[in-house]
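Coordinate inspection notes
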Amino acid sequence: VFGRYHLLREPELSRRAEELIDFLELRSHARVPVRQLSGGFQRRLAVALSLLNGPELLILDEPTTGLDPAMRLSLWSRIRELRAAGTTVLITTHYMDEAQRLCDQVAIVSAGKVIGAGAPADLIATRLAPETVEFDCAPSEEAVLLDGVPSSQRLRVGRRLMLYLDDATDLIENVRRHDQGERRPIIVRPTNLEDVYLSLTGTSLEGNP
């Protein structure tokens, strides 16, 4: 039915439908009424319908909202395949890891305005230091824990403190020395697009005094 909206005719219509059923791994549910499909399979079906006429531009609005991790990875894989085949894909998403993994170019929008744009790696490299350290601490502990640590940008959300550094070694040693061991869980990870999003959209970053 949807294919006929695009004036597709047999045998091309059936061939295209079969290709998309396989491409989006819908074969196991091909005879199931749409209303009985899970949310994840309905999302796959929506993508299949949008691809039926072979568009040069595909617009996906929050394509993985509500999907379980396995379904998200599966849909990401299909989107990458579309890109590789030459389809231009425009995605709106609140998942920064999704944007970082899938997009060649990203525009961060706040209050209807683009406040940051570029390749994900470039946005991260130009906005923040490459390493992020996360741990819980009271505001009164910051001065002691950061004593002697090179100047850095930091972000606090409640008790959670995130610091952006070129090298996290000195900070970790400070925290361990203060705690007299590894009593405080510390996460050290690469800075990501979510950190950039937080820094651009109103959560203030501060520099060490």
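Look a little higher up for the structure.
Below is a summary of the structure that appears in this document.

What counts, and at which threshold
Here the residue numbers are simple positions, counted from 1 along each chain's written sequence. In view of the model being predicted, local features appear only for residues whose pLDDT reaches at least 70, and side-chain atom pairs are presented and counted only at 80 or more, with totals across whole chains, interfaces and linings using the full set of residues. Side-chain measures here rest on the full set of heavy atoms in the structure, leaving out hydrogens and waters. In plain words, nonpolar cores are sets of buried Ala, Val, Leu, Ile, Met, Phe, Trp, Tyr and Cys residues tied together by side-chain atoms within 4.5 Å. Relative accessibility thresholds used throughout: buried, under 20% of the residue-type maximum; exposed, over 50%; partly exposed, between the two (1.4 Å probe, protein chains only). Helical segments are the DSSP runs of H or I of at least four residues, strand segments are the runs of E of at least two, and each set is numbered from the N terminus. Here, residues are in contact when the closest pair of their heavy atoms is within 4.5 Å. Relevant arc is that of directions from the helix axis to the C-beta atoms, nothing else. As used in this structure description, the phrase polar contact means that two N or O atoms lie within 3.5 Å; if the pair is within protein, one of them must be able to donate a hydrogen and the other to accept it, and residues adjacent in sequence are counted only when both atoms belong to side chains. By definition, no residue in a patch forms a salt bridge, and every one has over 30% relative accessible area; like charges are joined within 9 Å, nonpolar side chains (Val, Leu, Ile, Met, Phe, Trp, Tyr) within 5 Å. Computed with a 1.4 Å probe, the accessible areas rest on the Shrake-Rupley method; for each residue, only the protein chains presented here act as cover. Note on definitions: salt bridges are taken to be side-chain nitrogens of Lys or Arg within 4 Å of carboxyl oxygens of Asp or Glu. We score Asp and Glu as negative and Lys and Arg as positive, and we do not count His or the chain ends. All charge positions are set by atom: Lys at NZ, Arg at CZ, Asp at CG, Glu at CD. For helices, the fitted line uses only the C-alpha atoms of the stretch in contact; every axis is such a line through C-alpha atoms, and the angle between N-to-C directions lies from 0 to 180 degrees. Working rule for angles: under 35 degrees goes down as roughly parallel, over 145 as roughly antiparallel, 65 to 115 as roughly perpendicular, anything else as oblique. Here a crossing is called left-handed whenever its near helix is offset anticlockwise from the far helix by less than a right angle, and right-handed whenever the offset is clockwise. Think of it as three bins: nonpolar holds Ala, Val, Leu, Ile, Met, Phe, Trp, Tyr, Cys and Pro, charged holds Asp, Glu, Lys and Arg, and polar takes everything else, Gly as well.

1. Some details on the nonpolar core
- In terms of nonpolar packing, the biggest core is built from 23 residues, with L24 and L51 touching the most fellow members.
- Where this core is concerned, the elements lending two or more residues are α2 (12–23), α3 (39–51), β1 (57–61) and α4 (69–84).
- Looking at this core, the element that brings in the most residues is α4, giving 5 residues.
- Residue contacts for L24: discarding those within four places in its chain leaves R44, V47, A48, L75 and R78.

2. Some details on helix α9 (residues 193–200)
- Those residues of α9 that fall on the buried side of the exposure criterion are L193, D195, V196 and S199. Angular distribution of buried residues about the axis of α9 spans 155°; they occupy a single face of the element.
- Its buried side turned inward, α9 meets α5 (96–102), β3 (106–110), α6 (120–127), β5 (131–136), β7 (160–165) and β8 (187–190).
- At the N-terminal end of α9, a side-chain oxygen is found 3.0 Å from the backbone nitrogen of E194, two or three residues along, and the residue is N192.

3. Side note on a negative patch on the surface
- Together, D166, D167, D170 and E173 give the surface a local cluster of negative charge.
- Residue placement: D166 occurs in the loop between β7 and α8 (169–179).
- A relative accessible area of 65% places D166 in the exposed class.

4. A short note on the packing of α3 against α4
- Close contact between α3 and α4 brings their axes to 10 Å; oriented N to C, the two are set at 10°. Taken together, α3 and α4 sit at an angle that is classed as roughly parallel. Between α3 and α4 lies a crossing of right-handed hand. The residues of α4 that touch α3, namely those facing G40, F41, R43, R44, V47 and L51, are M71, S74, L75 and L82.
- Here the residues of the contact of α3 with α4 sort into 6 nonpolar, 2 polar and 2 charged.

5. Some thoughts on unusual backbone geometry
- Residue P11 follows E10 across a cis peptide bond; omega there is 5°.
- For P11, the location among the structural elements is in the loop between α1 (2–5) and α2.
- At L7, a residue that is not glycine, the phi angle is positive and equals roughly 65°.
- Backbone geometry at E62 places phi at a positive 50°, although glycine is not the residue there.
- Summarising the element assignment, E62 is placed in the loop between β1 and α4.

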